[in-house]
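An overview of the molecular structure
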Amino acid sequence: MRILDRSVYVGPSLHAHFPVIRLDLDLGPLEEWPTGRLGTGYIDALAAALPGLAEHGCSYNAPGGFLRRMREDEGTWLGHVLEHVAIELQNIAGEAVTFGKTRSAGPPGVYTVVYEYAQRDEGIAAGELALRLLCSLLPEPIRPADSVPEGWNWPEARDEFIRFAQRRALGPSTASLVRAAEARGIPWLRLNDQSLVQLGHGKYQQRIQATVTGRTPHIAVELASDKEETNKILASLGLPVPKQELVQSESQAVRAARRIGLPVVTKPYNGNHGRGISIRLMTDEEVAQGFAVAREHSRSVVVESFLEGDDHRLLVVNGELVAATRRTPGHVVGDGSHTIVELIEIVNQDPRRGVGHEKVLTRLELDAQAQKMLAAANLGPESVPAPGVVVPLRSTANLSTGGTATDVTDVIHPDNREMAERAVRAIGLDVGGVDFLSKNIAESYRKIGGGICEVNAAPGFRMHVAPSEGTSRDVAGPVIDMLFPPGAPSRVPIAAVTGTNGKTTTSRMLAHITKMAGYTPGLTTTDGVYIDGQRTVPGDMTGPVSARMVLADPQIDIAVLETARGGLLRAGMGVNEVNVAAVLNVQSDHLGLKGIDTLEQLAEVKRIVVEVATDCAVLNADDSLVLRMAGHSEAKSICYVTLNPQHTLVREHIRAGGRACALEAGVNGQMITLYDRGGHIPLLWTHLIPATLEGRAMHNVQNAMFAAALAFSLGIKLDAIRQGLRTFDSTFFQAPGRMNVFNEHPFKVLFDYGHNAHAVGAMADLAGRLDVSGRRIVVLAGPGDRRDEDLVAIANAVAGRFDHYICRRDDALRDRAPDEVPRIQAAALRAAGVREGAISIIPDEQQAIDAALKMGHAGDLVLIFADALVRSWKQVTKFKPAGAPPVAVRANGGDERAATFARPAEPVDPGPALNLEGLIRDERGVRLAPEADD
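Brief notes about the overall build of the protein chain
Looking only at helices and strands, the protein chain features 31 helices and 40 strands. Principal axes of the C-alpha set define a box for the protein chain whose edges measure 110 × 70 × 60 Å. Long-range pairs, those at least 24 residues apart, make up 66% of the contacts in the protein chain with a sequence separation of at least 6. In the protein chain, 97 side chains carry a positive charge and 112 a negative one; their mean positions are 4 Å apart.

Below is the structure:
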């Protein structure tokens, strides 16, 4: 039994709309060993190792259902068992995950195991530990070789996993804040492996690190960390504080204790979590020992008077006390029959106690500090305390060292409440915890005494959220309400755009419209991340990482996410929901990759963005696969886009008050028209949109319609939509590789990244509509990882439409022979009736483009399908036709800055009889990755 492959999905995917891990699991010979055959011994051993499995309902939807399924005659297969074990392992580590599903994956014994996770590393480790546990319980004869290391111990492995998980989990305080944010509909992003979390998106974001917020003044944190200065400030305001001195040596500590008056407390100057504190020191020797303990944690040590009373934590948020807790140090109570070691074991059997922050309480440990406390009481681990005798194991009451917490919020005296609020305000903290010693918190400190030991920045919330006794307090809610007052925005509008073709242009159009409307857009595309129109990160940025990158940017107030098939299949979406989503089309591309073999399967992948749209799903009514997605949308509305004004379904949708964008014919040309709630809204003539080449580029007409529908569904005003479309053109600068036109040569060049039959066909259609007095020349290619039939389909999309065809390949061969792709496409052209003399095979992209440009004459049209976009565009713009004077080239495909390129003229054989034999060659270049991919 082994894991063949693993995929970690960070957001909505084919498997779920939340984070899951997918394992491809091969049972091997264990396919013949379902749990029914393994027998009750195996099942009982697994249930004993993970008692929580008894609560799994599985298909019976009731506790015990999973174990019942395992005990049936045939039982269930180990892939299904691994799913449940991986979930339960995360449960014992403190994560509330429940979802899982296991399906046969085709070949006998191979299963797809999917299970929910809370944190990536923990989820991966849970799957691996689940596999090891299942193997360890198998009978020796059928146990896979090397599946269980020698000396492996389940209890140790379990506890180590819990510690591993907790080191990577959000702490209890941070987790409570995240839950409070989720309850208020506020999105969040974890920014590092610790507790730095972003609440909200874009310009509305607030940050927290544990319980320190982005609004916590740095000077207040510094003051709270300076125990001596805090003591002075509070004392100057008449607040109750113990006498205190700061010392740097043992002798200074002893002298300070004498001045203050014994007993005293020693503690590190800048310690936390109760580390290094010694209390009730009665002699010079004890003071010296206390100094040494504190010095292990800080160069300076605080000596202060010892105050009698219980230890209380008073939590103040935004100037108001929200919770009060009495803390008791970890201890055991004698019963007259058990040793201290046995009493600790009995206490640790409390199901509320666990490792670290796994449970409400932490296990007691008989460590060096506990031994020291026992020795001070003239006891040892084997001592048997008398009935009712309390034996302290810690001097401080921190929950992390086994202490307990009792909520006393309802009984705190008003004077004590006011005292805590004044103390936190005096230090300047927005969230602060006051450590207050009092014999009775229900009585005023003015009457019975007491004192403030510390004021803590970043106070822990665990004792308030999950006290050992008393009422649980929502202390995280007031923090979130302080950061996001009721009615304050936390989300930016998000649009997701997907489809086989057109998504990059549509995304860029929409981002341009939003910028014209006054927004600061964040955009992800196949060539990079753009913030307010400036590219900040280059590369293919259409997956979940780039989506989160945009939403984390504090400048943006709207996000446009081009969402590609590859990212959805690799890791899912980067956001749990979007406001609007568009699916432009589903065409044959990338089939045969990553388990997607049919158009229907590809449509299911593209449909994910529709499933998570909340406000509007914008769908291509002219594509039957896209049209069917309407049935899977839970958005408030559906907006159909159609080039056919007679579309029956769209007409009925409009008559019912639905939203649509249709192309309608008029006297002056074709009009993009919006319909909504019975209203008819003429938007813009297509010939006024530069990117449509006066309405001839129908694929960009459709892209403009989708951009308009998305913008309208986002609530952008009509005038801003019109202005955006009228000022968006198809220059290389604004839309690289998307129908870029270069007119500075005697001939026209069309430049495009089309790499599937549908996209190539759209450009061929455009080439046919343009007025061309000369010849039409095309440079054709296809990605090497496509199926042969896809490469043939690309060739067929241009066959018979051009006068000359140059077949090339991409730099990245993708396991193809150097000239395999161009020869496949050349053969397809010949089979489609293209004459031999009109076909040239020039494998190298640069040489193929150079040959096409040299063939161009006045009045010709050269259509170039490029792969290395920047390099190829520079090649087009820098090309100098033979005998022509230097020309002004528009840098970046349309800027006004002119650049003159002069190089010696090269003689070219005129006319279609150009000799290309010298340009046909085998692979000699360096293997390069493509600049952008779906």
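Still to come is the rest of the account.
Quick word on the pairing of strand β35 (residues 776-780)
Counting buried positions along β35 yields five of five residues, so the element is predominantly enclosed. Pairing geometry for β35 and strand β36 (residues 804-807), over four bridges, is parallel. Looking at β36, one finds that Ile777 is bridged to His804. Taking the sense of rotation as the criterion, the β-α-β connection linking β35, helix α28 (residues 788-798) and β36 turns out right-handed.

Describing the packing of helix α4 (residues 78-92) against helix α6 (residues 154-168)
Geometrically, a packed helix pair is captured by the angle between its two axes and the distance between the axes. Relative orientation of the contacting elements α4 and α6 amounts to 65°, with a least axis distance of 9 Å. Viewed along their axes, α4 and α6 adopt a mutual orientation that is roughly perpendicular. Every pair of crossing elements has a handedness; the one defined by α4 and α6 is right-handed. Two secondary-structure elements touch here, α4 through Leu89, Gln90 and Ile92 and α6 through Trp154, Arg158, Phe161 and Ile162.

As for the pairing of strand β7 (residues 206-209)
Burial along β7 is one-sided: the residues Gln206 and Ile208 are buried and none of Arg207 and Gln209 is. With four bridges connecting them, strand β6 (residues 196-199) and β7 associate as antiparallel partners. By the bridge assignment, Gln198 is partnered in β7 with Arg207. Counted along the chain from β6 to the antiparallel partner β7, the turn is six residues long, and its residue Gly200 has a positive phi close to 85°. As paired strands, β7 and strand β8 (residues 212-213) are joined by two bridges and run antiparallel to one another.

So, helix α12 (residues 340-348)
Those residues of α12 not exposed but buried are Ile340, Leu343, Ile344 and Asn348. Angularly, the buried residues of α12 cover 135° about the axis, an arc narrow enough to put them on a single face. Elements in contact with the buried residues of α12: β15 (331-333), β16 (353-354), α13 (368-376) and β18 (390-392).

Digging into unusual backbone geometry
Residue Pro263 follows Leu262 across a cis peptide bond; omega there is 0°. With respect to the helices and strands, Pro263 occurs in the loop between α10 (250-260) and β10 (264-268). A positive phi is found at Ala458, a non-glycine position, where the angle reads about 55°. As for its placement among the helices and strands, Ala458 is situated in the loop between β21 (451-457) and α16 (462-465). On the basis of relative accessibility, which here comes to 37%, the residue Ala458 falls in the partly exposed class. The phi dihedral of Asp815 is positive, around 70°, even though this residue is not glycine. In this fold, Asp815 is placed in the loop between β36 and α29 (820-831).

Notes on the nonpolar core
If you look at the biggest cluster of nonpolar residues, it comprises 48 residues, and the most contacted ones within it are Met1, Leu78, Val85 and Leu89. Looking at which element gives the most residues to this core, the answer is helix α5 (residues 120-136), with nine residues. Setting aside its immediate chain neighbours within four residues, Val85 contacts Leu46, Leu50, Leu53, Ala130, Leu133 and Leu134. The next biggest cluster of nonpolar side chains, apart from the first, holds 46 residues, and it includes Leu551, Val612, Ala613 and Ala621.

Here's the deal with the packing of aromatic side chains
For the structure on display, the rule yields eight aromatic pairs. Between Phe18 and Phe99, the ring centres sit 5.2 Å apart and the planes meet at 85°, which makes this aromatic pair edge-to-face. Of this pair, Phe18 sits in the loop between β1 (2-9) and β2 (20-26) while Phe99 is found in the loop between α4 and β3 (100-104), placing the two residues 81 residues apart along the sequence. Among the residues examined, Phe18 registers a relative accessible area of 29% and is labelled partly exposed. Geometrically, the ring pair formed by Phe732 and Trp873 is stacked, given 5.1 Å between the ring centres and 0° between the ring planes. Placement of Phe732 in the loop between α26 (718-726) and β33 (740-742) and of Trp873 in helix α31 (residues 869-878) is noted, with a sequence separation of 141 residues between them.

Focus on the sheet that holds strand β13 (residues 310-317)
Here we have five strands laid out as an open sheet, ordered β19-β14-β13-β20-β21, and antiparallel in their pairing. The sheet is open, and its two borders are formed by β19 (404-407) and β21, each paired with just one other strand. Each neighbouring strand pair of the sheet contributes to a mean axis angle of 30°, computed without reference to strand direction. For β13 and strand β20 (residues 431-438), the ladder comprises eight bridges, and the chain directions are antiparallel. What sits directly across from Asp311, in β20, is Leu437.

Topic: the pattern of salt bridges
In the structure shown here, the tally under the stated rule is 50 salt bridges. Taking the shortest distance from any N to any O, the salt bridge between Asp810 and Arg808 comes out at 2.9 Å. The pair Asp810 / Arg808 is uniform in exposure class, with both members buried. Each member of the salt-bridge network shares a partner with another, and the members are Arg808, Asp810, Asp811, Glu845 and Arg871.

Remarks on the side chain of Arg508
Summarising the element assignment, Arg508 is placed in helix α18 (residues 503-516). Owing to a relative accessible area of 6%, Arg508 belongs among the buried residues under this scheme. Apart from residues no more than four positions distant in its own chain, Arg508 is found in contact with Leu523, Thr525, Asp527, Tyr530, Phe728, Phe733, Gln734, Ala735 and Pro736.

A short note on the environment of Tyr445
Within the secondary structure, Tyr445 sits in helix α15 (residues 445-448). Note on Tyr445: relative accessible area 11%, which makes it buried. Considered as a pair, Tyr445 and Ile344 are 101 residues apart in the sequence and their alpha carbons are 35 Å apart. Once residues within four sequence positions are removed from consideration, Tyr445 is found in contact with Pro240, Asp415, Asn416, Met419 and Phe436. Within the local environment of Tyr445, its side chain forms a polar contact with the side chain of Arg446, the two groups lying 3.4 Å apart.

Let's talk about α28
Within the sequence span of α28, burial applies to Asp790, Leu791, Ile794, Ala795, Ala797 and Val798. All buried residues of α28 project into a common sector of 155° when viewed along the axis, lining one side. Looking at the packing, one finds that the buried side of α28 touches α27 (757-769), β35, β36 and α29. Note on α28: the residue one or two positions beyond its end, Gly800, has a positive phi of about 80°.

Some remarks on the side chain of Asn703
Tracing the backbone through its elements, the reader meets Asn703 in helix α25 (residues 698-713). A polar contact of 3.4 Å, which involves the side chain of Asn703, links it to the side chain of Thr506. Those residues within four positions of Asn703 in sequence are excluded, and the remaining contacts are Gly502, Thr505, Thr506, Met509 and Leu584.

Quick look at the sheet that holds β35
Pairing is mixed in the open sheet, where six strands are placed in the order β33-β34-β38-β35-β36-β37. With partners counted over all chains shown, the strands left at the sheet margins are β33 and β37 (839-841), one partner each. Neighbouring strand axes in the sheet, compared pairwise and without regard to direction, differ in orientation by 15° on average. In this sheet, strand β38 (residues 861-865) lies alongside β35 in parallel orientation, the contact comprising four bridges. Note that in β38 the partner of Val778 across the bridge is Leu863. Against the sheet, α29 engages β35, β36 and β37, with an angle of about 170° to β37.

A look at the packing of α27 against α28
As a packed pair, α27 and α28 sit with axes 8 Å apart at the nearest point and diverge in direction by 10°. Here α27 is positioned roughly parallel relative to α28, judged by the angle of their axes. Residues Ala757, Val760, Gly761 and Ala764 of α27 pack against Ala793, Ile794, Ala797 and Val798 of α28. The residue inventory of the contact of α27 with α28, partitioned by class, reads seven nonpolar, one polar and no charged.

Conventions adopted
Residues numbered from 1 in each chain as written. Predicted model: local features only at pLDDT ≥ 70, side-chain atom pairs only at ≥ 80, totals over all residues. Heavy atoms only, no water. Helix = DSSP H or I, 4+ residues; strand = E, 2+ residues; numbered from the N terminus. Contact = heavy atoms within 4.5 Å. Lys, Arg positive; Asp, Glu negative; His and termini not counted. Charge placed at Lys NZ, Arg CZ, Asp CG, Glu CD. Buried < 20%, exposed > 50% of the residue type's maximum accessible area, 1.4 Å probe, protein only. Pairing = 2+ DSSP bridges. Right-handed = clockwise from strand over helix to strand, strands pointing away. Axes fitted to C-alpha atoms, helices over the stretch in contact; angles between N-to-C directions. Parallel < 35°, antiparallel > 145°, perpendicular 65-115°, else oblique. Left-handed = near helix turned anticlockwise from the far one by under 90°. Arc of directions from axis to C-beta. Core = buried A, V, L, I, M, F, W, Y, C linked by side-chain atoms within 4.5 Å. Phe/Tyr/Trp six-rings, centres within 6.5 Å; stacked < 30°, edge-to-face > 60°. Salt bridge = Lys/Arg side-chain N within 4 Å of Asp/Glu carboxyl O. Polar contact = N/O pair within 3.5 Å; in protein donor to acceptor, adjacent residues only side chain to side chain. Nonpolar A, V, L, I, M, F, W, Y, C, P; charged D, E, K, R; others polar.

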